[in-house]
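Reading the structure
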Amino acid sequence: MKRIYIVWFVLAIGSVCFALLVVLALGAKGKDSVMTSTETEPIYNHFPDLPKTSEIKWCSQSSGGIGLVTTTLYIFSFYNEDISDTLQGMTIDGKAATIELYYEPEEVRGQKWRLVENAAFAFQTGIKDTKKMYTNVYLNASGTILYVEAVGD
């Protein structure tokens, strides 16, 4: 009888340890484990008017669940010169914008951002209205990094 209690005790301790490991593994996911991409083609397929560059870093986040799923894209485009003048129809706010980045590549740490106004559905000419994503657009102080947050379903 004593052996049965010992076996159950060992199994209980083992189960608790296993559960703790699972919780720790799941808890490790987050901003540090964001899957990123540097492919330009998927971005230019949906945002054909985005100023051309060869260096883009982006990731996406889905709301998940059953039913309507919302997807958010976080896109950083890097340029060799100031692109402020190429943002036709948009106004760049001169004040610094405070934004909370979901994904922050090393190249953008410490950047000061300015809001690009009139950019609600930016860079999506030729995309069907039902496929367009709502966008918030920011430009760094030197005009060489464009940041786009795009939300759609």
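Everything here concerns the structure above.
Described below are features of the structure shown in this document. (Residues numbered from 1 in each chain as written. Predicted model: local features only at pLDDT ≥ 70, side-chain atom pairs only at ≥ 80, totals over all residues. Heavy atoms only, no water.)

1. Comments concerning the overall build of the protein chain
Each helix and strand in the protein chain was counted, giving two helices and six strands. Secondary structure elements of the protein chain occur, N-terminal to C-terminal, as α-α-β-β-β-β-β-β. Once local pairs closer than 6 in sequence are excluded, the contacts in the protein chain between residues at least 24 apart make up 57%. In the structure as shown, the protein chain presents an accessible area of about 10,300 Å², 57% of it carried by carbon and sulfur atoms. (Helix = DSSP H or I, 4+ residues; strand = E, 2+ residues; numbered from the N terminus. Contact = heavy atoms within 4.5 Å. Areas by Shrake-Rupley, 256 points an atom, 1.4 Å probe, with all protein chains shown as cover.)

2. So, the pairing of strand β2 (residues 71-78)
Here is the key point about a regular strand: its side chains alternate between the two faces of the sheet. Burial analysis of β2 places seven of its eight residues in the buried class, the great majority of the element. The sheet contact formed by strand β1 (residues 55-62) and β2 spans eight bridges and is antiparallel. Bridge pairing in β2 places Q61 opposite T72. Bridge count between β2 and strand β6 (residues 145-152): eight bridges; the pairing is antiparallel. If you follow Y74 over to β6, its bridge partner there is E149. (Buried < 20%, exposed > 50% of the residue type's maximum accessible area, 1.4 Å probe, protein only. Pairing = 2+ DSSP bridges.)

3. Quick look at the sheet that holds β2
Strands in a sheet are paired, the pairing made by backbone hydrogen bonds, and the direction either parallel or antiparallel. Spatially, six strands are ordered β1-β2-β6-β5-β4-β3 in an open sheet, and the strand pairing comes out antiparallel. A strand with exactly one partner marks an edge of an open sheet, and here the two such strands are β1 and β3 (91-97). Each adjacent strand pair in this sheet contributes to an overall mean axis angle of 25°, direction not counted. (Axes fitted to C-alpha atoms, helices over the stretch in contact; angles between N-to-C directions.)

4. Regarding the packing of aromatic side chains
The way to describe two aromatic rings as a pair is by their centre distance and the angle between their planes. Within this structure, the stated rule accounts for seven aromatic pairs. Within the aromatic cluster, the residues linked to one another by ring pairs are F76, Y103, W113, Y138 and Y147. (Phe/Tyr/Trp six-rings, centres within 6.5 Å; stacked < 30°, edge-to-face > 60°.)

5. Comments concerning the side chain of S84
Structurally, the position occupied by S84 is in the loop between β2 and β3. With relative accessibility at 18%, the residue S84 sits in the buried group. Within the structure, the side chain of S84 is placed 2.5 Å from the side chain of D82, a separation counted as a polar contact. When neighbours within four sequence positions are excluded, S84 is seen to be in contact with I92, R114, L139 and G143. (Polar contact = N/O pair within 3.5 Å; in protein donor to acceptor, adjacent residues only side chain to side chain.)

6. What about the nonpolar core?
By size, the foremost hydrophobic cluster in this structure holds 22 residues, and its most contacted members are F47, L50, F123 and L146. Counting residues per element, the ones that place at least two in this core are α2 (41-46), β1, β2, β5 (134-140) and β6. In terms of residue count, the dominant contributor to this core is β6 (three residues). Counting 13 residues, the second largest nonpolar core, distinct from the first, contains F76, V108, I145 and Y147. (Core = buried A, V, L, I, M, F, W, Y, C linked by side-chain atoms within 4.5 Å.)

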